[in-house]
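Residues per chain are reported as follows:
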Amino acid sequence: MADEALFQFLHNELIQYVYKSAEQGEMENGRCITRLENMGFRVGQGLIERFTKDTARFKDELDVMKFICKDFWTSVFKKQIDNLRTNHQGIYVLQDNKFRLLAQMSGGKQYLEHAPKYLAFSCGLVRGGLSNLGVKSIVTAEVSTMPACKFQIMIQKM
């Protein structure tokens, strides 16, 4: 429980630091979100190395995604993804109905515009983890009602 609160506090402080240290032009151009995602990417790479050191190789892309949804998500966010969908053509949608990093925010529509900065680090985490597993991807997140969110993962074929 304490580690969960520490992670949420660190995440919030990381966002505040990036936005406070940015110049006005960087915030308008979306560089802060890119910076947060890049930080998450590096952390995701490190975490996936640690989590997979004793596991067998994955058979295919779907096995990798199942690992992300069950083991990786549970280790980072203390719960499994609520729903995993795919079109079997390289697009996966991960749905979390109570995303921990958004759960502390009010459910009002006025906070939806702030959601991307709270999801950028998590998108980077997933992209970094997939990258270290040999899966090149683009990860985006969307929120229609707080605290539920959907992460869309588009696999880039090599």
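Residues numbered from 1 in each chain as written. Predicted model: local features only at pLDDT ≥ 70, side-chain atom pairs only at ≥ 80, totals over all residues. Heavy atoms only, no water.

The name an unreviewed UniProt entry gives the protein chain is Trafficking protein particle complex subunit 6B, with Acipenser oxyrinchus oxyrinchus as the organism. The heading Sequence similarities (unreviewed entry) in the UniProt record of the protein chain holds the text "Belongs to the TRAPP small subunits family. BET3 subfamily." Within the UniProt record for the protein chain, the comment given under Function (unreviewed entry) is "Component of a transport protein particle (TRAPP) complex that may function in specific stages of inter-organelle traffic. Specifically involved in the early development of neural circuitry, likely by controlling the frequency and amplitude of intracellular calcium transients implicated in the regulation of neuron differentiation and survival." (UniProt positions renumbered as here; feature names shortened; annotations may be inferred.)

J.: Please explain the packing of helix α3 (residues 31-51) against helix α4 (residues 61-77) as it appears in this structure.
T.: For any two helices packed against each other, one specifies the crossing angle of their axes together with the interaxial distance. The interhelical angle for the contact between α3 and α4, taken along N-to-C directions, is 105°, at an axis separation of 11 Å. Of the possible angle classes, the one that applies to α3 and α4 is roughly perpendicular. Two secondary-structure elements touch here, α3 through G44, L47, I48 and F51 and α4 through F67, I68, F72, S75 and V76. Split by residue class, the contact of α3 with α4 holds seven nonpolar, two polar and no charged. (Axes fitted to C-alpha atoms, helices over the stretch in contact; angles between N-to-C directions. Helix = DSSP H or I, 4+ residues; strand = E, 2+ residues; numbered from the N terminus. Parallel < 35°, antiparallel > 145°, perpendicular 65-115°, else oblique. Contact = heavy atoms within 4.5 Å. Nonpolar A, V, L, I, M, F, W, Y, C, P; charged D, E, K, R; others polar.)

J.: Help me understand helix α5 (residues 115-132), please; the structure alone is not making it clear to me.
T.: The first and last C-alpha atoms of α5 sit 26 Å apart over 18 residues, in line with the 26 Å expected at 1.5 Å per residue. The principal kink in α5, of about 25°, is found at F121. Counted residue by residue, α5 has 14 buried out of 18 residues, so it is predominantly covered. Immediately downstream of α5, the backbone of G134 shows phi near 85°, a positive value. (Expected span 1.5 Å × (residues − 1). Bend = angle between axes of the 7 residues up to and from the residue. Buried < 20%, exposed > 50% of the residue type's maximum accessible area, 1.4 Å probe, protein only.)

J.: Quick question: what am I supposed to make of the nonpolar core here?
T.: If you look at the biggest cluster of nonpolar residues, it comprises 40 residues, and the most contacted ones within it are L94, F99, L102, L119, L130, F151 and I153. Mapped onto this core, the elements with two or more residues apiece are α1 (2-21), α3, α4, β2 (91-96), α5 and β4 (149-155). Dropping the residues within four chain positions of it, L130 is found in contact with V64, M65, I68, V135, S137 and I153. (Core = buried A, V, L, I, M, F, W, Y, C linked by side-chain atoms within 4.5 Å.)

J.: I tried to follow the packing of aromatic side chains on my own but got confused; where do I start?
T.: To describe a pair of aromatic rings, one takes the distance between the centres and the angle between the planes. Counted under the stated rule, the structure contains eight aromatic pairs. Aromatic side chains F77 and F99 sit 5.1 Å apart centroid to centroid with 55° between the ring planes, which places their arrangement in the tilted category. Of the two residues, F77 is situated in helix α4 and F99 in the loop between β2 and α5; the sequence distance between them amounts to 22 residues. For F77, a relative accessible area of 3% gives the class buried. By relative accessible area, F99 is classed as buried at 0%. (Phe/Tyr/Trp six-rings, centres within 6.5 Å; stacked < 30°, edge-to-face > 60°.)

J.: I would appreciate a short explanation of the pattern of salt bridges in the present structure.
T.: Side-chain pairing between opposite charges can occur once the charged atoms of the two side chains come close. Across all of its chains, the model carries four salt bridges by this definition. Of the charged contacts in the structure, one is a salt bridge between K157 and E61, with a shortest N-O distance of 3.2 Å. Of this pair, K157 sits in the segment after β4 while E61 sits in helix α4; the two residues are 96 residues apart in sequence, bridging distant segments of the chain. Take K157: its relative accessible area is 61%, and that puts it in the exposed class. By relative accessible area, E61 is classed as partly exposed at 23%. Across the pair K79 and D82 runs a salt bridge whose closest N-O atoms are separated by 3.0 Å. Given a relative accessible area of 39%, D82 falls into the partly exposed group. A cluster of three or more residues bridged by salt bridges with shared partners is formed by K79, D82 and D96. (Salt bridge = Lys/Arg side-chain N within 4 Å of Asp/Glu carboxyl O.)

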